[in-house]
Amino acid sequence: MGLFGTSGIRRLVDERLMEIALKVGFSVGKRYRRVVLAGDSRTSTPAIKRILSGALVSAGADVVDIGLVPTPTLAFMVRDFDAGLMVTASHNTAEYNGIKFLNPDGSAFSYLQQQEITKDVESSRAHSMKWDSFGQINAFPSTVEKHMEHILGYLPDKCRLKVVVDCGGGAASVITPWLLQRMGSRVISLNDTTHGFFPHPPEPLAENLSGLIQTVKESDADLGIAHDGDADRMVAVDKHGNFISGDKMLVLFARAARADKVVTTLDASMAVDEIGFKVIRTAVGDNYVSEELKRQGNFGGEPCGAWVFPESSLCPDGIYAAARLLNLVSHQPLSELISDIPEYSMKRGSVEGSGLNLALVEESLQCLNPLSSSLLDGIKLNLKDGWLLIRPSGTEPKIRLTAEARTPEYCETIYQTGLKCLKSCLSREK
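Source: prediction; values computed, not measured.

Caption draft 1: Broad picture of the pattern of salt bridges. The final tally for this structure, using the stated rule, is 24 salt bridges. The salt bridge partner of Arg-233 is Glu-203, with a shortest N-O separation of 3.6 Å. Taken together, the residues Arg-233 in the loop between strand S9 (223-227) and strand S10 (234-238) and Glu-203 in the loop between strand S8 (186-190) and helix H7 (210-218) connect sequence positions 30 residues apart. Exposure remark for Arg-233: the relative accessible area of 11% places this residue in the buried category. The class for Glu-203 is partly exposed, based on a relative accessible area of 28%. Several salt bridges share partner residues, and in doing so they unite Lys-30, Arg-31, Glu-116 and Asp-120 into one network.

Caption draft 2: Region of the structure containing the sheet that holds strand S11 (residues 261-265). What the four strands build is an open sheet, ordered S12-S11-S13-S14; its pairing is mixed. The open sheet has two free edges, formed respectively by strand S12 (278-282) and strand S14 (306-308), since each of these has just one partner strand. With direction set aside, neighbouring strand axes in the sheet form an average angle of 20°.

Caption draft 3: Representation of the packing of helix H8 (residues 246-256) against helix H10 (residues 318-329) within the structure. Two elements in contact, H8 and H10, have axes separated by 11 Å at closest approach and are oriented at 75°. Of the possible angle classes, the one that applies to H8 and H10 is roughly perpendicular. Contacts between H8 and H10 involve Met-249, Leu-252, Phe-253 and Ala-256 from the former and Ala-321, Arg-324, Leu-325 and Leu-328 from the latter. Partitioning the contact of H8 with H10 into residue classes produces seven nonpolar, no polar and one charged.

Caption draft 4: Region of interest: the packing of helix H1 (residues 15-31) against helix H2 (residues 45-58). Two elements in contact, H1 and H2, have axes whose closest approach is 7 Å; the angle formed by their N-to-C orientations is 30°. When you trace H1 past H2, the crossing you get is right-handed. Along the contact surface, H1 presents Leu-17, Met-18, Ala-21, Leu-22, Val-24, Gly-25, Phe-26, Val-28 and Gly-29, while H2 presents Ile-48, Ile-51, Leu-52, Ala-55, Leu-56 and Ser-58. Of the residues in the contact of H1 with H2, the class split is 12 nonpolar, three polar and no charged.

Caption draft 5: Structural view of the pairing of S9. Most of S9 is tucked away: five of the five residues are buried. Here S9 shows a buried face lined by Leu-223, Ile-225 and His-227 and a second buried face lined by Gly-224 and Ala-226. Direction of pairing for strand S7 (residues 162-166) relative to S9: parallel, over a ladder of four bridges. Across the sheet, the residue bridging to Val-163 is Leu-223, located in S9. Here S9 pairs with S10 via five bridges, running antiparallel.

Caption draft 6: Up close: the packing of aromatic side chains. In the structure shown here, the tally under the stated rule is nine aromatic pairs. Plain terms: the ring middles of Phe-4 and Phe-101 are 5.1 Å apart, the flat faces sit at 45° to each other, and that makes the pair tilted. Of the two residues, Phe-4 sits in the segment before strand S1 (9-12) while Phe-101 sits in strand S5 (residues 96-102), which places them 97 residues apart along the sequence. Given a relative accessible area of 12%, Phe-4 falls into the buried group. Among the residues examined, Phe-101 registers a relative accessible area of 2% and is labelled buried. Seen from their ring centres, Phe-101 and Phe-109 are 5.4 Å apart, and the 45° between their planes marks the pair as tilted. Comparing Phe-101 with Phe-109 shows no difference in burial state: the two are buried. One aromatic cluster is present, built from ring pairs that chain together Tyr-154, Phe-253, Phe-299, Trp-307, Phe-309 and Tyr-320.

Caption draft 7: Broad picture of helix H4 (residues 111-122). Taking 1.5 Å per residue, 12 residues should reach 16 Å; H4 reaches 16 Å between its end C-alpha atoms and fits that length. Considered for burial, the residues of H4 that qualify are Gln-113, Gln-114, Ile-117, Thr-118, Asp-120 and Val-121. Taken around the axis of H4, the buried residues stretch over an arc of 165°, which confines them to a single face. Turned more than 90 degrees off the buried face of H4, the exposed positions are Tyr-111, Leu-112, Lys-119 and Glu-122. Next to the buried residues of H4 lie H1, S5 and helix H9 (286-293).

Caption draft 8: Here's a closer look at the side chain of Thr-6. Relative to the helices and strands, Thr-6 resides in the segment before S1. Sequence-distant contacts of Thr-6, that is, excluding residues within four places in its chain, are made with Val-284, Gly-285, Asn-287, Tyr-288, Arg-391, Gly-394 and Thr-395.

Caption draft 9: Expanded view of the environment of Gly-153. In this fold, Gly-153 is placed in helix H5 (residues 143-154). Overall, the relative accessible area of 61% leaves Gly-153 in the exposed class.

Caption draft 10: How the structure looks around the sheet that holds S1. Taken together, the six strands give an open sheet; going across it, the order is S1-S5-S4-S2-S3-S6, and neighbouring strands pair in mixed fashion. Of all the strands in the sheet, the pair left with one neighbour each is S1 and strand S6 (137-139). Sheet twist, expressed as the average angle between the axes of neighbouring strands with direction ignored, equals 20°. Note: strand S2 (residues 34-39) against strand S3 (residues 62-68), five bridges, orientation parallel. Within S3, the position partnered with Gly-39 by the bridge is Leu-68. Contacting S1, S2, strand S4 (83-87) and S5, H1 runs over the sheet at an angle of about 160° to S1. Of the strands in this sheet, S2, S3, S4, S5 and S6 are in contact with H2, which crosses S2 at around 170°.

Rules and cut-offs
- Residues numbered from 1 in each chain as written.
- Predicted model: local features only at pLDDT ≥ 70, side-chain atom pairs only at ≥ 80, totals over all residues.
- Heavy atoms only, no water.
- Salt bridge = Lys/Arg side-chain N within 4 Å of Asp/Glu carboxyl O.
- Helix = DSSP H or I, 4+ residues; strand = E, 2+ residues; numbered from the N terminus.
- Buried < 20%, exposed > 50% of the residue type's maximum accessible area, 1.4 Å probe, protein only.
- Pairing = 2+ DSSP bridges.
- Axes fitted to C-alpha atoms, helices over the stretch in contact; angles between N-to-C directions.
- Parallel < 35°, antiparallel > 145°, perpendicular 65-115°, else oblique.
- Contact = heavy atoms within 4.5 Å.
- Nonpolar A, V, L, I, M, F, W, Y, C, P; charged D, E, K, R; others polar.
- Left-handed = near helix turned anticlockwise from the far one by under 90°.
- Phe/Tyr/Trp six-rings, centres within 6.5 Å; stacked < 30°, edge-to-face > 60°.
- Expected span 1.5 Å × (residues − 1).
- Arc of directions from axis to C-beta.

Treat this as a map of the structure, not an account of what it does.
Here is the structure:
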């Protein structure tokens, strides 16, 4: 993995991360004169923010620190600045942290911008201004209120529902429960602390949300919502306690947006193509979705729970998504809203490793008789009744596998064939 993954810089918290933060601050500070800075609830976030802010001002930039807020709140604020830095490791566990880089439109830094930062971080020199040219640090504490007002401007109608919100001990704790209350709902808030010790793994997968599912059923709630660590993701549970797949949520939001062109990633279900949208697929990563949405499309997202609403921001906004979903469910139960969306068997997994000989993998998988293949992100084989994607993770030293098919049996066959091939190829490369 290089310095940047699919969502900024992310790594285990160690001395190297602190060194990276210092050089990132110098690099960003010499290029962008007005920078807004924020962070999530991780125990290491305050230290990394202080390193960043010190380097930024010593490089001549003025910094506004908006405190502990979600990434979407930072994305809302950055429109009035030259750049935004978010200290977070998103859905990774508590021993990780990192930095996300945002442009004024909410999009992640482009490849060229990332290359500039990488060059500076890898250099032994650090850029600093003279003593009389340092920037300033100021605080701006009312950003959450401003973000809520922005969202309510799009969704002014009252939604009188009972909603369970699992904030996961992350940054959503400071906004989502309050926003949904402002929308007229009764909110049962779970894990809304921000001490940095997550009560369950912060990735909002079904297996991590047993508490949310149980509470929705026991409280007779209309809806359950969960976020990851920095609340750029949002997933949902219906009133029966059923976890709703990200692929179905993607279709639901695209329909609500009356989208004709939908931007999504290679790992999204083939069901999305069968609904009637024109589907534009990118490599896995919300930054790729946002970059494509600048060119075309009315809505974009990833099945992991990252939803991009261009009318609001090019940053995935789990807060806006929660409010938008609340508005939809106030008119019709979630289970009914998604009842006609097809669902196929899908299996995801990963193996430890880095570096992948794609030609070797593709050659080894010819036994699946692929109709076509794509090397846009790892390798994706399109099959008669399914597909297989094998790609290096952009956030961890792992190789990820995803298989989908029209039957559970064929899905398992595809997945196991891919897993066997991948392990064989990795062992041959050692």
